[in-house]
Amino acid sequence: MTRLISLVALFALWQIAAHFANPRLLPAPMAVLAAMRSEAASGALFQALGVTLARVAAAFLLAMAVGSAIGYAMGRNALIDRAADTWVIVLLNLPALVIIVLAYIWVGLNEAAAIGAVALNKLPVTVVTIREGVRALDTRLDEMAHVFSFSPLKRLAHVVAPQLAPYFAAATRAGLSLVWKIVLVVELMGRPNGVGFEINTAFQLFDVPLLLAYALPFTAIMLVIETFAVQPFERHVSRWRPRAA
Amino acid sequence: MSRVGDRVRLEARVARKSFRTASGQSVSVLANLSFALEEGETGALIGPSGCGKSTLMRILAGLDRDFEGSVHLPIHGRVGMVFQEPRLLPWRSVEDNVRLAAPNISETEVAALFAALGLSDHRTHFPGELSVGLARRTALARAFAVRPTLLLLDEPFVSLDAPLARQLQRDLARLVESRGMITVLVTHDLDEAIALADRIFVLSARPAHVVDEIRVTTPRAAMSDKERKTIAGRIEALRDAP
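Residues numbered from 1 in each chain as written. Chains lettered and ligands numbered in written order. Predicted model: local features only at pLDDT ≥ 70, side-chain atom pairs only at ≥ 80, totals over all residues.

Each helix and strand counted, chain B has seven helices and nine strands in total. Counting only C-alpha atoms and orienting by the principal axes, one finds that chain B spans roughly 50 × 45 × 45 Å. The buried share of chain B, reckoned over its 242 residues, is 39%. (Helix = DSSP H or I, 4+ residues; strand = E, 2+ residues; numbered from the N terminus. Buried ≥ 20, exposed ≤ 12 C-beta atoms within 10 Å, placed from the backbone.)

Here it is in structure tokens:
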């Protein structure tokens, strides 16, 4: 409910601002809606959204899977941690743009380079977050699992994973927004389709309504994923915590 | 090594167990400590605090292998352990905590165990919703559910109020006698040791070794106050000795 009101307030503010601004620079919500409708009617909007969403999903899953595995290994093993730490710090501080340009130069202007570059940008953030979670694992529960001869799979599912769930949720939340922002840059620089490509076209034409018509639906999709997937997941995994009365 | 046909027994011989402190010094915790228990017996380890009782328990549980000496566990040993803290999985219900440790347990057994420990109404509760006493009962239920051949109890009733501790001791004594496993109990409480154990091992201060072994031969239920006092007096005398 609060979320809905704040959303309405945002649109109201936009409407008022558009009233005073140059419509070429800041179009009113209705003008954007009209642009959205015409793009949707031609099917171009959905095609671009679909392509971008697929890239976001691929890069995100890749970075989460590989990043979690590396983060877990680094959190568990001091030697691996020391060996890989420098790499992680370098990767963490390498500008996204540098990684993208190098990926396109070295791998070529293709899908693998695009998704790989995005995943590589997200990877160190996942590693650091999951490593933090693994370091905070309760050794007393590990010992309990050892004494009662838990199998490795049982240990992972019932002892380790529940402790890492909050860190996983944090990595997901920070990751989705980061990945989608970088995917647009990748598309703008070297892909023939997707939201980033359409935004580039709108920029060339100086067409702000078109630009917003592509940007806003994607933001809305992210808001929906956050509300209906990430938050329910968090509630589910923390259901055992006693709630304050 | 035990030969085929030997009686099931626990034999612990720790020649030396030491820790390295942060400043690099080596501190002996256990030295020339040995004791043995036969099938069905309960042994109590009693000694000054910080003498290494918990360290010894970790060695028996197989959590610490960095020591000189040997521990001979019952063959095909299943270990059940109650730690000083309940160490339950907070994100699993009481019943799931028990079933995860003992996947093959039948519904009848679970029901009987929960009834014996007064947990029947708390099966679906999460550990965070339990009182300290109930959490400790759950830890006991988990240890019994695996049908252990070796049961390790590290001060299972510490920090409970006296009536509750007595109640749990009675429950524990009943379960221990109905099973026929080897039980090792660490305790500070003399009465608890006398009430539960067949043999009491009195440990010295660091580095700990067994100063004396006291056999409690009288059946627990039939023991008179006088006998109880005699044993307690003997242990007190050992404790005060330099």
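Moving on, there is more to tell.
The next point concerns the overall build of chain A. From N to C terminus, chain A includes 10 helices and zero strands. Put simply, chain A runs from its N terminus to its C terminus through helices and strands in the order α-α-α-α-α-α-α-α-α-α. Counting only C-alpha atoms and orienting by the principal axes, one finds that chain A spans roughly 70 × 55 × 30 Å. Relative to its 245 residues, chain A shows a buried fraction of 33%.

All names here are of chain B. Packing of helix α2 (residues 94–101) against helix α4 (residues 132–145) leaves a shortest axis separation of 8 Å and a crossing angle of 25°. Between α2 and α4, the angle falls in the class roughly parallel. Our pair here, α2 against α4, has a crossing hand that is right-handed. Every residue of α4 that contacts α2 at Val94, Asn97, Val98 and Ala101 is listed here: Thr138, Ala141, Arg142 and Ala145. Its residues assigned to classes, the contact of α2 with α4 comprises five nonpolar, two polar and one charged. (Axes fitted to C-alpha atoms, helices over the stretch in contact; angles between N-to-C directions. Parallel < 35°, antiparallel > 145°, perpendicular 65-115°, else oblique. Left-handed = near helix turned anticlockwise from the far one by under 90°. Contact = placed C-beta atoms within 7 Å. Nonpolar A, V, L, I, M, F, W, Y, C, P; charged D, E, K, R; others polar.)

All names here are of chain B. With antiparallel pairing, three strands are arranged side by side in an open sheet as β2-β1-β4. Since the sheet does not close on itself, it has two edges, and those belong to β2 (26–38) and β4 (68–72), each with one partner. Pairwise comparison of adjacent strand axes, ignoring direction, gives a mean angle of 15° for this sheet. Judged from the five bridges that link them, strand β1 (residues 9–20) and β4 form a sheet pairing that is antiparallel. Looking across to β4, one finds that Ala12 is bridged to Val71. (Pairing = 2+ DSSP bridges.)

Let us now look at the interface of chain A and chain B. Across the contact, 14 residues belong to chain A and 16 residues belong to chain B. Going through the elements one at a time, α7 (139–147) and α8 (152–190) of chain A are the ones with two or more residues in the side of chain A that touches chain B. Looking at the side of chain A that touches chain B, its residues break down into eight nonpolar, two polar and four charged.

With that out of the way, let us pick up the sheet that holds strand β7 (residues 182–186) of chain B. The strands that make up a sheet pair up through hydrogen bonds in the backbone, lying either parallel or antiparallel. Residue and element names in this part refer to chain B. Reading across from one edge, β5-β6-β7-β3-β8-β9 is the order of the six strands in this open sheet, with mixed pairing throughout. At either margin of the open sheet sits one strand with a lone partner, and together these are β5 (79–82) and β9 (210–215). Pairwise comparison of adjacent strand axes, ignoring direction, gives a mean angle of 15° for this sheet. As defined by bridge partners, strand β6 (residues 150–154) adjoins β7 across five bridges and the pair is classed as parallel. Bridging from a neighbouring strand, Asp154 pairs with Val186 of β7.

Turning to the nonpolar core, a few remarks are in order. Counting 121 residues, the largest nonpolar core has A:Val118 and B:Leu152 as its most contacted members. Residue contributions to this core peak at 13 residues, all from α8(A). Not counting the four nearest positions on each side in its chain, B:Leu152 is found in contact with B:Met57, B:Leu60, B:Ala61, B:Val79, B:Met81 and B:Val184. (Core = buried A, V, L, I, M, F, W, Y, C linked by C-beta atoms within 7 Å.)

Residues and elements named next belong to chain A. Structurally, the position occupied by Leu178 is in helix α8. Considered as a pair, Leu178 and Trp106 are 72 residues apart in the sequence and their alpha carbons are 23 Å apart. When near neighbours in sequence (up to four residues on either side) are disregarded, Leu178 contacts Lys122 and Val125.

Glancing now at the pairing of β6(B). All names here are of chain B. The buried fraction of β6 amounts to five of the five residues, a majority that puts the element mostly inside the structure. Burial of β6 is two-sided: the residues Leu150, Leu152 and Asp154 facing one way and the residues Leu151 and Leu153 facing the other way are all buried. Alignment of β5 against β6, held across four bridges, turns out to be parallel. By the bridge assignment for β6, Val79 is matched with Leu150. Between the parallel pair β6 and β7, the chain is carried across by helix α5 (residues 162–179), and the sense of this crossover is right-handed. (Right-handed = clockwise from strand over helix to strand, strands pointing away.)

It is worth spelling out the packing of α8(A) against helix α9 (residues 195–205) of chain A at this point. Residue and element names in this part refer to chain A. At a minimum axis distance of 7 Å, the contact between α8 and α9 shows a crossing angle of 60°. Accordingly, the angle class assigned to the pair α8 and α9 is oblique. The element α8 and its partner α9 pack so that their crossing is right-handed. Across from Val183, Leu184, Val185, Val186, Glu187 and Leu188 in α8, the residues of α9 making contact are Val195, Gly196, Phe197, Ile199 and Asn200. Here the contact of α8 with α9 is composed, by residue class, of eight nonpolar, two polar and one charged.

Another point: the environment of B:Lys53. All names here are of chain B. Considering the arrangement of structural elements, one finds Lys53 in helix α1 (residues 53–60). Separated by 29 residues in sequence, Lys53 and Gly24 place their C-alpha atoms 23 Å apart. When neighbours within four sequence positions are excluded, Lys53 is seen to be in contact with Leu45, Gly47, Val186 and Leu203.

Before going further, it helps to spend a moment on α9(A). All names here are of chain A. The set of residues buried in α9 consists of Val195, Gly196, Phe197, Glu198 and Ile199. Close packing links the buried residues of α9 with α3 (44–76), α8 and α10 (208–237). Looking one or two residues past α9, Phe206 carries a phi angle of roughly 55°, positive in sign.

A cis amide bond links B:Arg206 with the next residue in sequence, B:Pro207, at an omega value of -10°. By the secondary structure assignment, B:Pro207 is in the loop between β8 (199–203) and β9. With phi around 50°, A:Ser149 is a residue other than glycine that occupies positive phi space. Along the polypeptide, A:Ser149 turns up in the loop between α7 and α8. Positive phi is not limited to glycine here, since B:Asn32 has a value of about 50°.

Worth remembering: the numbers are spatial, not functional.
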